[in-house]
Every structure is written in C-alpha cells, then in structure tokens.
Amino acid sequence: MANRILVFYGSYRSDRMGIRLADFVVAGLRARGDDAVLIDAKAVGLPMLDRMYKEYPKGEAPAALEQLAGQIRSADGFVFITGEYNWGIQPGLKNLTDHFLEEWFWRPAAIASYSAGRLSGVRAATAWHGTLSEMGMVVISSTLSVGPIAQTLSAQAEPTGDAGKALARSFPRFADDLRWWIEAAKAQREKRAPPY
C-alpha cells in the first residue's frame, strides 16, 4: 500500500521559484510509488491565524480548514518545502501550519529548503526543525537544500546543471529516510494508541 505524503509549500509571491522544488519532490515521491499530494498555502488561502482548527465548535470550521484537517489526519508523513525570508521561516507556510496541532502528532516530517543564493535556505530549515518537533512530528535527519534554485531546477522542475545533478543524487536518500520513519511510525501507531 502506498504511503500518503503531504508536501507543503508556502510562498505567496507572484514569481514563485520554490514551486519547482515542491513539484520535483512530489514527482520524485510518486515515481517511488508514494501517494504524494501538494498542499499549496497560497491555493488553500487560509486567513492569518485567528483561531486554530481545534478552537472551532465541531462542524463549524471553515470548509478549507476542515478539508485540510482531514488530509493531515489521513497522511502518513509530511514534507515541508521552505524558502528563507531574511534568515527566517516563510510566513505563509508557518501560518498554514499553525492552524493545526493534534492533527500532526506521531508522524514524520522532512524538510527541503531553497533560496536564490548559495546557502540554499538552510537557516530556515534549521528553524523549521524545532517548530515541527514542538508540533509533535518526528523530523528526519536527511534534508534537501537547493540553491541557487533557478540554476538547479528548470521551470518544469527538471534538474539542470551540476547543482541539479547533485539534487537528483541526494533525493533517493532523503526519500528512503522518510519512508523508513513513516513505516516505523505506522507500526508503532498500530501497536498502541498515542499516549494522549
């Protein structure tokens, strides 16, 4: 049975480059037999956090929030595609993530970062690690770091140049690690109910 993996992407910019990495990851996971689904924060269009999903009375959450909560609960694992904004986390992706809490629990998350420069968004990836851990996810040790993004992936999300070759070589290890943690978490959840 295919693992269900949600790939979250959070840029709201009009000339988004990181969507290339999101598309590359989704295609790569699907090629390996996973059921990978892109969750684009801009397309979901949640407002700035006013109320978490759990704070709405049952059945009264906005439709987009209700749908996304169901997708998160039914997923086996997650990949967060993050750009770096002034050494920090993308606000669109953080806002989308913060609408939920218990829905994330006891599943693995992987981080893939990018930037226009040579540091590849690693400072944002580092910040995300602690945030995702606090939200109840196990963050895998393998990461993808892509930069400069425009020289690594084409507009069609195809690897280009030496940086693209390096990305293509590193993706299988990233995906293998995520799969291992997904299988481990599934087995543990089947053995016993979560502690709270």
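Computed from a prediction, not measured in an experiment: that's the story for all the values here. (Residues numbered from 1 in each chain as written. Predicted model: local features only at pLDDT ≥ 70, side-chain atom pairs only at ≥ 80, totals over all residues. Heavy atoms only, no water.)

Comments concerning the nonpolar core
Leu21, Val25, Leu29, Val79 and Ile81 are the most contacted members of the largest nonpolar core, which totals 28 residues. If you list the elements that add at least two residues to this core, you get β1 (4-9), α1 (19-31), β3 (77-85), β5 (108-114), β6 (138-146) and α7 (161-191). Of all the elements, α1 adds the most residues to this core, at seven residues. Once residues within four sequence positions are removed from consideration, valine 25 is found in contact with Val7, Val79, Ile81, Leu144 and Phe171. Grouped together as the second largest cluster of nonpolar side chains are 27 residues, Ala75, Phe78, Leu96 and Ala125 included. (Core = buried A, V, L, I, M, F, W, Y, C linked by side-chain atoms within 4.5 Å. Buried < 20%, exposed > 50% of the residue type's maximum accessible area, 1.4 Å probe, protein only. Helix = DSSP H or I, 4+ residues; strand = E, 2+ residues; numbered from the N terminus. Contact = heavy atoms within 4.5 Å.)

What about the side chain of glutamine 90?
Within the element layout of this structure, glutamine 90 appears in the loop between β4 (88-89) and α4 (91-98). Residue classification places glutamine 90 among the buried positions, given a relative accessible area of 0%. Only 3.4 Å separates the side chain of glutamine 90 from the backbone nitrogen of glycine 83, close enough to count as a polar contact. When near neighbours in sequence (up to four residues on either side) are disregarded, glutamine 90 contacts Gly10, Ser11, Ile81, Thr82, Gly83, Tyr85 and Tyr114. (Polar contact = N/O pair within 3.5 Å; in protein donor to acceptor, adjacent residues only side chain to side chain.)

Describing the packing of aromatic side chains
Taken as a whole and assessed by the stated rule, the structure comprises 14 aromatic pairs. The interplanar angle of 65 degrees and the centroid separation of 5.3 Å between the aromatic rings of phenylalanine 8 and tryptophan 104 together place this pair among those described as edge-to-face. Of this pair, phenylalanine 8 sits in strand β1 while tryptophan 104 sits in the loop between α4 and β5, and the two are 96 residues apart along the sequence. The class for phenylalanine 8 is buried, based on a relative accessible area of 0%. Owing to a relative accessible area of 0%, tryptophan 104 belongs among the buried residues under this scheme. A centroid spacing of 4.9 Å and a plane angle of 80 degrees characterise the contact between phenylalanine 105 and tryptophan 106, whose relative ring orientation is edge-to-face. Under the relative-accessibility criterion, tryptophan 106 is labelled partly exposed at 28%. Through a chain of ring-to-ring contacts, the aromatic side chains of Phe8, Tyr53, Phe78, Phe80, Phe100, Trp104 and Trp128 assemble into a single cluster. (Phe/Tyr/Trp six-rings, centres within 6.5 Å; stacked < 30°, edge-to-face > 60°.)

Remarks on α4
Within α4, burial applies to Gly92, Leu93, Asn95, Leu96 and Thr97. Along its buried surface, α4 packs onto β1, β2 (35-40), α2 (41-44), α3 (63-74), β3 and α5 (122-134).

Observations concerning unusual backbone geometry
A cis amide bond links glycine 147 to the next residue, proline 148, at an omega of -10 degrees. By secondary structure assignment, the location of proline 148 is in the loop between β6 and α6 (149-152). The backbone phi angle of tryptophan 87 is positive, close to 70 degrees, even though this residue is not glycine. Within the secondary structure, tryptophan 87 sits in the loop between β3 and β4. In this structure, serine 120 takes a positive phi of about 60 degrees despite not being glycine. Its place among the elements puts serine 120 in the loop between β5 and α5.

Brief notes about the pattern of salt bridges
Per the counting criterion, the structure on display carries 11 salt bridges. Ionic pairing is found between aspartate 40 and arginine 16, a salt bridge with its closest N-O pair at 2.7 Å. Here arginine 16 lies in the loop between β1 and α1 and aspartate 40 lies in strand β2, a separation of 24 residues in the sequence. Across the pair, exposure class does not vary: aspartate 40 and arginine 16 are buried alike. In the salt-bridge network here, residues are joined through shared partners; they are Asp76, Lys186 and Arg189. (Salt bridge = Lys/Arg side-chain N within 4 Å of Asp/Glu carboxyl O.)

These results come straight from atomic positions and should not be treated as a statement about function.
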